[in-house]
Amino acid sequence: MLHVEALSKTFELSVTEQMRVHPFRDLSFSIPEGGFMGLAGPSGIGKSSILKCIYRTYLPTSGRVRFRSSMYGEIDLASADERRVAHLRKYELSYVSQFLKVIPRVSALDIVAERLLPLGYSLEAARDDAAGMLARLRIPETLWSAYPATFSGGEQQRINLARAFIVRPRLLILDEPTASLDRETTESVLALLQEMKRQGTTMIGVFHDWEIMKRVADRIFDLGEWKRSGVSSSAQLI
Ligand SMILES: Nc1ncnc2c1ncn2[C@@H]1O[C@H](COP(=O)(O)OP(=O)(O)OP(=O)(O)O)[C@@H](O)[C@H]1O
């Protein structure tokens, strides 16, 4: 369902001094439908950049990101036009980072509910589902009508997760989704991830805690090992 082929990313840090960073070159791996691949490796090795290339926050320098979309059939996310990428982000892809892009003067409930409106939900039905998701993520009901700009880091992260999960995406991209959560909320998130996986969501994620990653991932791609050995990706699947 997701085939990353010979993916490379180069950052030009300075045009005049020709300084370049190459977090990864010729990276290839595949994740089947409903599969969950964890990405591991030391800080700065390129984990987040890979996720951002898949979500197309970053444009890859070369390579392909073949994704089986229900709207477009097979599509290369590395070269798809912006309009299609925007559509896919609305209906099929979700990306969770540690940081919430806060929308001013929109309540926590509506920030989550609004993701369902393009899918044809009425506002009432969307708010019902959003309330269910906020409850599962242990956001206290008193906060549902408040503005997330003032929320704590962990509360903002839960709003992020709720926005990503509520649409039941075909591909879920997770960048340290449980980094600022307490143990009980982390358990709720893991239960939701396992539920989505059973329903066929394909996932790729970076986790700050190896033990958490092992509980949800079918396999773990160790970028450090891949870079050291320079051999094909299958050797790094733990
Ligand atoms: N937008 C950018 N512009 C320039 N360099 C970047 C950019 N994004 C990432 N990099 C560089 O690419 C390299 C990989 O960064 P990345 O954030 O992908 O690593 P990471 O493995 O996710 O690290 P961490 O575990 O610390 O989050 C780093 O050297 C970083 O400085």
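Residues numbered from 1 in each chain as written. Predicted model: local features only at pLDDT ≥ 70, side-chain atom pairs only at ≥ 80, totals over all residues.

- In the nomenclature of an unreviewed UniProt entry, the protein chain is known as Phosphonate C-P lyase system protein PhnL of Paenibacillus hemerocallicola.

1. Section: helix α4 (residues 123–136)
So, point 1. The terminal C-alpha atoms of α4 lie 20 Å apart, and with 14 residues this matches the ideal 20 Å at 1.5 Å per residue to within 8%.
So, point 2. In this fold, the buried residues of α4 make contact with α3 (108–113) and α5 (153–165).
So, point 3. Of the residues one or two after α4, Arg 138 is the one with positive phi, at around 60°. (Helix = DSSP H or I, 4+ residues; strand = E, 2+ residues; numbered from the N terminus. Expected span 1.5 Å × (residues − 1). Contact = placed C-beta atoms within 7 Å.)

2. Digging into the pairing of strand β5 (residues 73–76)
So, point 1. Pairing geometry for strand β4 (residues 62–69) and β5, over 4 bridges, is antiparallel. The residue bridging Arg 68 from the neighbouring strand is Glu 74, located in β5.
So, point 2. Hairpin geometry of β4 and β5 is characterised by an intervening segment of 3 residues between the two adjacent antiparallel strands. (Pairing = 2+ DSSP bridges.)

3. Quick word on the sheet that holds strand β3 (residues 36–40)
By way of backbone hydrogen bonds, the strands of a sheet pair with one another, either parallel or antiparallel.
So, point 1. If you trace the 5 strands from one edge of the open sheet to the other, you get β6-β7-β8-β3-β9, paired in parallel fashion. Two strands close off the open sheet at either side, each with one partner strand: β6 (93–96) and β9 (219–222). Pairs of neighbouring strands in the sheet enclose a mean axial angle of 15°, with direction left out of account.
So, point 2. In terms of strand pairing, β6 meets strand β7 (residues 171–175) through 4 bridges, oriented parallel. Bridge pairing in β7 links Tyr 95 to Ile 173.
So, point 3. Where α5 meets the sheet, its contacts fall on β6 and β7, and the angle it forms with β6 comes to roughly 170°. (Axes fitted to C-alpha atoms, helices over the stretch in contact; angles between N-to-C directions.)

4. Considerations on unusual backbone geometry
So, point 1. The residue Arg 138 is not glycine, and still its phi comes out positive at about 60°.
So, point 2. Relative to the helices and strands, Arg 138 resides in the loop between α4 and α5.
So, point 3. Residue Glu 176 is not a glycine yet carries a positive backbone phi of 50°.
So, point 4. Here Glu 176 shows up in the loop between β7 and α6 (183–198).

5. Considerations on the sheet that holds strand β1 (residues 2–14)
So, point 1. Taken together, the 4 strands give an open sheet; going across it, the order is β2-β1-β4-β5, and neighbouring strands pair in antiparallel fashion. Two strands bound the open sheet, and with one partner strand each, they are β2 (19–31) and β5. Across the sheet, the axes of successive neighbouring strands diverge by a mean angle of 25°, strand direction being ignored.

6. Some points on the nonpolar core
One recurring pattern in soluble globular proteins: nonpolar side chains tend to sit buried together.
So, point 1. In this structure, Ile 54, Val 112, Ala 130, Leu 134, Ala 162 and Ile 173 are the most contacted members of the largest nonpolar core, which totals 61 residues.
So, point 2. In this view, Ala 130 contacts Leu 109, Val 112, Ala 113, Ala 162 and Ile 166; residues no more than four positions away in its chain are not counted. (Core = buried A, V, L, I, M, F, W, Y, C linked by C-beta atoms within 7 Å. Buried ≥ 20, exposed ≤ 12 C-beta atoms within 10 Å, placed from the backbone.)

7. Topic: the site of the ligand
So, point 1. In the vicinity of the ligand, the residues found are Phe 11, Leu 13, Val 21, Pro 23, Gly 41, Ser 43, Gly 44, Ile 45, Gly 46, Lys 47, Ser 48 and Ser 49.
So, point 2. Counting residues per element, the ones that place at least two in the shell around the ligand are β1, β2 and α1 (47–55).
So, point 3. With 3 residues, the single largest contributor to the shell around the ligand is α1.
So, point 4. The class makeup of the residues in the shell around the ligand is 5 nonpolar, 6 polar and 1 charged. (Near = placed C-beta within 6 Å. Nonpolar A, V, L, I, M, F, W, Y, C, P; charged D, E, K, R; others polar.)

8. Let's talk about the environment of Ala 80
So, point 1. Residue position: Ala 80 is located in the loop between β5 and α2 (82–91).
So, point 2. On the basis of neighbour counts, which here come to 18 C-beta atoms within 10 Å, the residue Ala 80 falls in the partly exposed class.
So, point 3. Residues Ala 80 and Gly 63, spaced 17 residues apart in sequence, show a C-alpha to C-alpha distance of 12 Å.
So, point 4. Leaving out residues up to four positions away in the same chain, Ala 80 has contacts with Ile 75 and Val 85.

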